[in-house]
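Report on the structure
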Protein chains: 2
Amino acid sequence: MKASQFSISTIKETPSDAEIVSHQLLIKGGFIKKLASGIYSWMPMGLRVLRKIEQIVRDEMDRSGAQELLMPVSQPGELWEESGRWQLYDEGLLLKFKDRHDRDFCFGPTHEEVITDIARTELRSHKQLPVNYYQIQTKFRDETRPRFGVLRAREFIMKDAYSFHNSLDCLQSTFEQMHATYTQILTRMQLEFRAVDADSGSIGGSGSIEFHVLADSGEDLIAFSADGSYAANIELAEALAPEANDTPMKALTKVETPNQKTISAVVSFLDVPVETTIKTLIVEGSQTPLVALVLRGDHTLNTLKAEKLPEVRQPLTLAAEADIQSTIGCAPGSIGPAGLNNCPIVVDRSAGVLYNFVCGANEDGFHFTNVNWHRDTPDIVIADIRNVVSGDPSPNGNGALDIRKGIEVGHIFQLGNKYSAPMKATVLDAEGKAQTMVMGCYGIGVSRLVGAAIEQNHDDKGIVWPASIAPFQVVVIPINAHKSPNVERVSLELYEQLEAAGIEVLLDDREQLRPGVKFAEAELIGYPHRIVVGDRTLANNEVEYTERRTLEGANWPISEVTTRLLSALGKAQ
Amino acid sequence: MKASQFSISTIKETPSDAEIVSHQLLIKGGFIKKLASGIYSWMPMGLRVLRKIEQIVRDEMDRSGAQELLMPVSQPGELWEESGRWQLYDEGLLLKFKDRHDRDFCFGPTHEEVITDIARTELRSHKQLPVNYYQIQTKFRDETRPRFGVLRAREFIMKDAYSFHNSLDCLQSTFEQMHATYTQILTRMQLEFRAVDADSGSIGGSGSIEFHVLADSGEDLIAFSADGSYAANIELAEALAPEANDTPMKALTKVETPNQKTISAVVSFLDVPVETTIKTLIVEGSQTPLVALVLRGDHTLNTLKAEKLPEVRQPLTLAAEADIQSTIGCAPGSIGPAGLNNCPIVVDRSAGVLYNFVCGANEDGFHFTNVNWHRDTPDIVIADIRNVVSGDPSPNGNGALDIRKGIEVGHIFQLGNKYSAPMKATVLDAEGKAQTMVMGCYGIGVSRLVGAAIEQNHDDKGIVWPASIAPFQVVVIPINAHKSPNVERVSLELYEQLEAAGIEVLLDDREQLRPGVKFAEAELIGYPHRIVVGDRTLANNEVEYTERRTLEGANWPISEVTTRLLSALGKAQ
């Protein structure tokens, strides 16, 4: 493609509403254009990236044996009434409308209802199973405050797949196949990612795995072992119990700690290691008004784990300070398990192995030191209620955990009969009896992947596209071609050679722009490889090569450009 | 593809709400599935056809230099307020909704507003022009009574393109290029079609051409010369004035025609040729209460032409019978121009050359015979107000007109500044002054083309796909493969050979179906070529070939199958 015949629409100003780097770079690089809050047009440069991701997804889904179809954007409300989600779906994210005959419709955020409706007429015998249908399609979620550009847009593009089975074993097998397919998709996209155990959330079902692209701007925390054998959303990662040791108990002492209301204040006031302190959170209970949750001073509460405790009321709610005062008799900053008799005490595994530790004395302005569980607080429950931290042992026994931030780009679910049962999607089994089908569903955010790839691959000059999804793999920039017929000729010859070799190349033949502007723009847009053709190096029959990721340059003989680029792109010649 | 791994979902019953053959065959063949009135899912078999059409459209648009982008489905109402179409657009076909912040949006039926909004920020200098943006995208028109399956669905897929220019000459050149591109698209699809002069309708602008796929079920009538040098929607085709001749005038006679109220009744009662009679329609006038429109007895009024007469009120409205009675003094069936003094008389060119003709006598139960214009009705206006008929001379002088029915599948418009002026889409011209851009727009109905192709290509057994858009080009049907290892082996070898040769082949390896069922299904679905592998012909090293269009069969040597199919598909080996 020649730049003179292709819309390149970079802008200089960083848009004021773009909070994160992928949003800023997509707008500045002219990949997308905002139409309304959370609603974007994909300009020619951006659409090239989107289509490459779509094609990788389609290739791998086809290879897995899944079948592509295309369901409508508009969905009748009556199907959502059948599944029970018309009123329930994610508190207002479902965009509803009425047609001219006043019938209820929605602009689909997901297609479980539609595919189940198709399956219940399409699939009649267990012999037709398993089947896995997928589509790549535009969806809508009416976010209250759309942010983060294409990472959380209102209108977006998803690949969603739905599988149908006559047994959980069969579902498990397709689920594992989709796990492998998603791994292959993200590997082909050259992204660093983790497949992690996850909570099934509102979609429901019995098992789910999230796929996260690792990036410092990610909203999720992922814990994984160095050897890759374990990975989980931090919500779910188990914190193993440390081994207890046999330190001799010292005498319990009550010390004055005036106005020291936080762990860090107490630690510095008493000059003790934070790992020898504990903190106590009071939450509302399920059988008792209050429940105490006890953690080591440097750990944080995992709310998902805490919510699953039988003692705790769902959703997890911190106790009001007035209730704490009236029941325990002190402010929240001075609570501790020793002498706390008015509520059940749940102690995290790591706090449970401490000896001679520091905690609040249940009296404003006082703490205990040298507290010991068996001696001073015999009646406790031990449980895993904290978030894991870097260096914790991996739950599968393989080394220590590392923790990184991730952007969720895919999620695969074992749905079971959550939709097939209420919507009566059955097939006849081998005995001719109606049997409710078992379902799985598998989503990957196609437009979100564009943003996630940038969050992981950028520097202060712009985007650093992985070659697999770059809008063009190579840019050729002639220097002052209008003054040098030699530069013009060599540039054009190189352009044609590269195209003939199957390399996607942009020849930046725009006459009105200075070379410096073209260089800066090429770095902003992020073509992986740049070739500059100028009289100076042409004197030695060379051109100047720069790799976008390292920004390192070298002079290359003209005759070797195609070969070297094919090699850099991992293509056979 | 193997049929055992692909959803084939034909059904036996013709759906009761499917009025036309393409709708019936798409449902029966399992290409589409109804989700709601006018809203369909594309099943795997149907999606293959849709994608092939998309790809032909995309190829040819790219080849023309147009640039693909992707605009959102949801559009903010404020842009439609700017263009003035929020209240006006086609009387309620615009599906409006409000987001959670109560802002107006619509589900786009067309994207002039959005692209003009993009262009006014994107295009700043006349040097960036011309540019032609296109997308292939889902749209919505909230039809009152969706009918005809994908020919008039509520949710549908369009390719829409929009070009921007700094002069009408430049627009004209892109318009002609799009004319050539659409011709190439429909030619590659192997469809019989006509590009016809058309009315611009509500989109407005100064020139437009429609593309019609010819089919007996078409809703439009297309007039064209046999040599292809002229074609127009019958709405617009000019009826030339016949040459007058010099027949001697006979004496005007008033004859009794009791209860003969229609032309055909009068013709048979008086036993005269219908071509010697005229009929008179009374419509509401613009300057006078009534206007008489006069046509030869066998011709029909062209309402578009009549509406453009200065004498006639828009929209064209037939006069109420009571007004006719009170003004003219007779019923509508007895009106004639002779002696009609109360309203202007507009006479069609063909009626205007008649001599000694028959017409109503403006008195119930009486007609005149031997009426002559100059003698009996001197004060008339001659105009072209009728629809052309087969055999009329072509307006461009090249032979006679033929008339066929057509389905409109594409429409290209010269919009001028209809959108760019109200939305202030300007560029700086060579002198640095703001200049309103000139626009063109170019639509082709991608999902509608699926239906139109079937309307043109089917027989009583099912669809007869042109090979270019068939879901598979060849089906291989083994006969009782589970009983004959030879049949199984040859079928599989042929399947692999054909795939290797780049032919899209479906191997119908489903064991549970009888051969007769597979044959009927293959004819319903409409694969262009069928190969049957059975023990009987294998004895001679042959298979049975059948062409879907002719249903003619022949035995082919196994060794020649690939070569012959490549040749039938027009592919180089």
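Note that this is a predicted model, so its numbers are computed, not measured. (Residues numbered from 1 in each chain as written. Chains lettered and ligands numbered in written order. Predicted model: local features only at pLDDT ≥ 70, side-chain atom pairs only at ≥ 80, totals over all residues.)

1. Considering the overall build of chain A
Counting secondary structure elements, chain A contains 15 helices and 30 strands. Each of the three principal axes of chain A carries a C-alpha extent, and together these read 90 × 70 × 45 Å. By residue count, 47% of the 573 residues in chain A fall in the buried class. At a minimum sequence separation of 6, the contacts of chain A that also span at least 24 residues come to 71%. (Helix = DSSP H or I, 4+ residues; strand = E, 2+ residues; numbered from the N terminus. Buried ≥ 20, exposed ≤ 12 C-beta atoms within 10 Å, placed from the backbone. Contact = placed C-beta atoms within 7 Å.)

2. Considering the domain arrangement of chain A
Residue and element names in this part refer to chain A. Under the domain assignment used here, chain A contains domain 1 (3–238 + 403–455), domain 2 (253–383) and domain 3 (472–568). If you average the C-alpha positions of domain 1 and of domain 3, the two centres end up 38 Å apart. At the interface, six residues of domain 1 touch eight residues of domain 3. In the side of domain 1 that touches domain 3, the residues fall into two nonpolar, three polar and one charged. (Domains from an automatic or database assignment. Nonpolar A, V, L, I, M, F, W, Y, C, P; charged D, E, K, R; others polar.)

3. Brief notes about the interface of chain A and chain B
In this complex, chain A contributes 38 residues to the contact, which on the side of chain B involves 38 residues. Every element with two or more residues in the side of chain A that touches chain B is listed here: β1 (32–36), β2 (39–42), α2 (44–63), β3 (67–68), β4 (74–76), β5 (95–98), α4 (112–122) and β7 (131–140) of chain A. The element that contributes the greatest number of residues to the side of chain A that touches chain B is β2(A), accounting for four residues. Each residue belonging to the side of chain A that touches chain B can be placed in one class, and the counts come to 21 nonpolar, 10 polar and seven charged.

4. Some points on the relation of the copies chain A and chain B
In the superposition of chain A on chain B (RMSD 0.2 Å, axial shift 0.1 Å), the rotation amounts to 180°. Such values leave the two copies arranged in the relation of a two-fold axis. Proximity to the rotation axis, assessed at the C-alpha, singles out Phe97(A) in chain A; its C-alpha lies 2.9 Å from the axis. Taken together, the interface assignments show that 100% of the residues at the interface of chain A recur at the interface of chain B, consistent with an identical surface on both copies. (Least-squares fit on C-alpha atoms with pLDDT ≥ 70 in both.)

5. A closer look at the sheet that holds strand β26 (residues 474–478) of chain B
Residues and elements named next belong to chain B. One open sheet holds the five strands; their spatial order is β27-β26-β28-β29-β30, and the pairing between them is mixed. Each edge of the sheet is formed by a strand with only one pairing partner; in this case those strands are β27 (505–507) and β30 (553–557). For this sheet the average axis-to-axis angle between neighbouring strands, irrespective of direction, equals 25°. In this structure, β26 lies alongside strand β28 (residues 529–533), joined through five bridges in parallel fashion. (Pairing = 2+ DSSP bridges. Axes fitted to C-alpha atoms, helices over the stretch in contact; angles between N-to-C directions.)

6. Considering the packing of helix α1 (residues 21–28) of chain A against helix α11 (residues 446–456) of chain A
Residues and elements named next belong to chain A. Relative orientation of the contacting elements α1 and α11 amounts to 105°, with a least axis distance of 8 Å. Classed by the angle they form, the pair α1 and α11 counts as roughly perpendicular. Where α1 approaches α11, its residues Val21, Ser22, Leu25 and Leu26 are matched on the opposing element by Gly451, Ile454 and Glu455. Looking at the contact of α1 with α11 residue by residue, the class counts come to four nonpolar, two polar and one charged. (Parallel < 35°, antiparallel > 145°, perpendicular 65-115°, else oblique.)

7. Brief notes about the nonpolar core
In this structure, Ile53(A), Val474(A), Val476(A), Ile53(B), Val474(B) and Val476(B) are the most contacted members of the largest nonpolar core, which totals 259 residues. Setting aside anything within four residues of it in sequence, one finds Val476(A) in contact with Ser491(A), Leu494(A), Tyr495(A), Val505(A), Leu507(A), Asp508(A), Ile531(A) and Val533(A). (Core = buried A, V, L, I, M, F, W, Y, C linked by C-beta atoms within 7 Å.)

8. Thoughts on the sheet that holds strand β17 (residues 357–360) of chain A
All names here are of chain A. What the three strands build is an open sheet, ordered β13-β18-β17; its pairing is antiparallel. Taken across any chain shown, the strands that pair with only one partner, and hence form the sheet edges, are β13 (253–256) and β17. Neighbouring strand axes in the sheet, compared pairwise and without regard to direction, differ in orientation by 30° on average. As defined by bridge partners, β17 adjoins strand β18 (residues 366–371) across three bridges and the pair is classed as antiparallel. What sits directly across from glycine 360, in β18, is histidine 367.

9. Here's the deal with the environment of Ala223(A)
Residues and elements named next belong to chain A. As for its placement among the helices and strands, alanine 223 is situated in strand β11 (residues 220–225). For the pair alanine 223 and lysine 405, spaced 182 residues apart in the sequence, the C-alpha separation amounts to 8.9 Å. If near-sequence neighbours (up to four positions away) are discounted, alanine 223 is found in contact with Ala232, Ile234, Ala237, Val388, Leu401 and Ile403.

10. Digging into the packing of α2(A) against helix α5 (residues 168–188) of chain A
Geometry of a packed helix pair, given as the angle between the helix axes and the separation of the axes. Residues and elements named next belong to chain A. Axis separation between α2 and α5 bottoms out at 9 Å; the angle between their running directions is 145°. Here α2 and α5 pass one another in a crossing that is right-handed. Touching Ile56, Val57, Glu60 and Met61 of α2 are Thr181, Gln184, Ile185 and Arg188, all from α5. Split by residue class, the contact of α2 with α5 holds four nonpolar, two polar and two charged. (Left-handed = near helix turned anticlockwise from the far one by under 90°.)

11. Overview of the environment of Thr300(A)
Looking at the element boundaries, Thr300(A) is found in the loop between β15 (290–296) and α7 (303–307). Ignoring sequence-local partners within four residues, the contact set of Thr300(A) consists of Arg386(A) and Asn387(A).

12. A look at the pairing of strand β6 (residues 104–107) of chain B
Residue and element names in this part refer to chain B. Bridge analysis of strand β4 (residues 74–76) against β6 gives three bridges, and the strand direction is antiparallel. Considered in β6, the bridge of proline 76 is made with phenylalanine 105. Hairpin geometry of strand β5 (residues 95–98) and β6 is characterised by an intervening segment of five residues between the two adjacent antiparallel strands and by a positive phi of about 65° at aspartate 102.

13. Description of unusual backbone geometry
For the bond running from Gln314(A) to Pro315(A), omega is -10°, close enough to zero to count as cis. Take Pro315(A): it is sitting in the loop between α7 and α8 (321–328). Positioned with a positive phi, Phe148(B) is a non-glycine residue whose angle comes to about 65°. Mapped onto the elements, Phe148(B) comes out in the loop between β7 (131–140) and β8 (155–165). Given 20 C-beta atoms within a 10 Å radius, Phe148(B) is considered buried.

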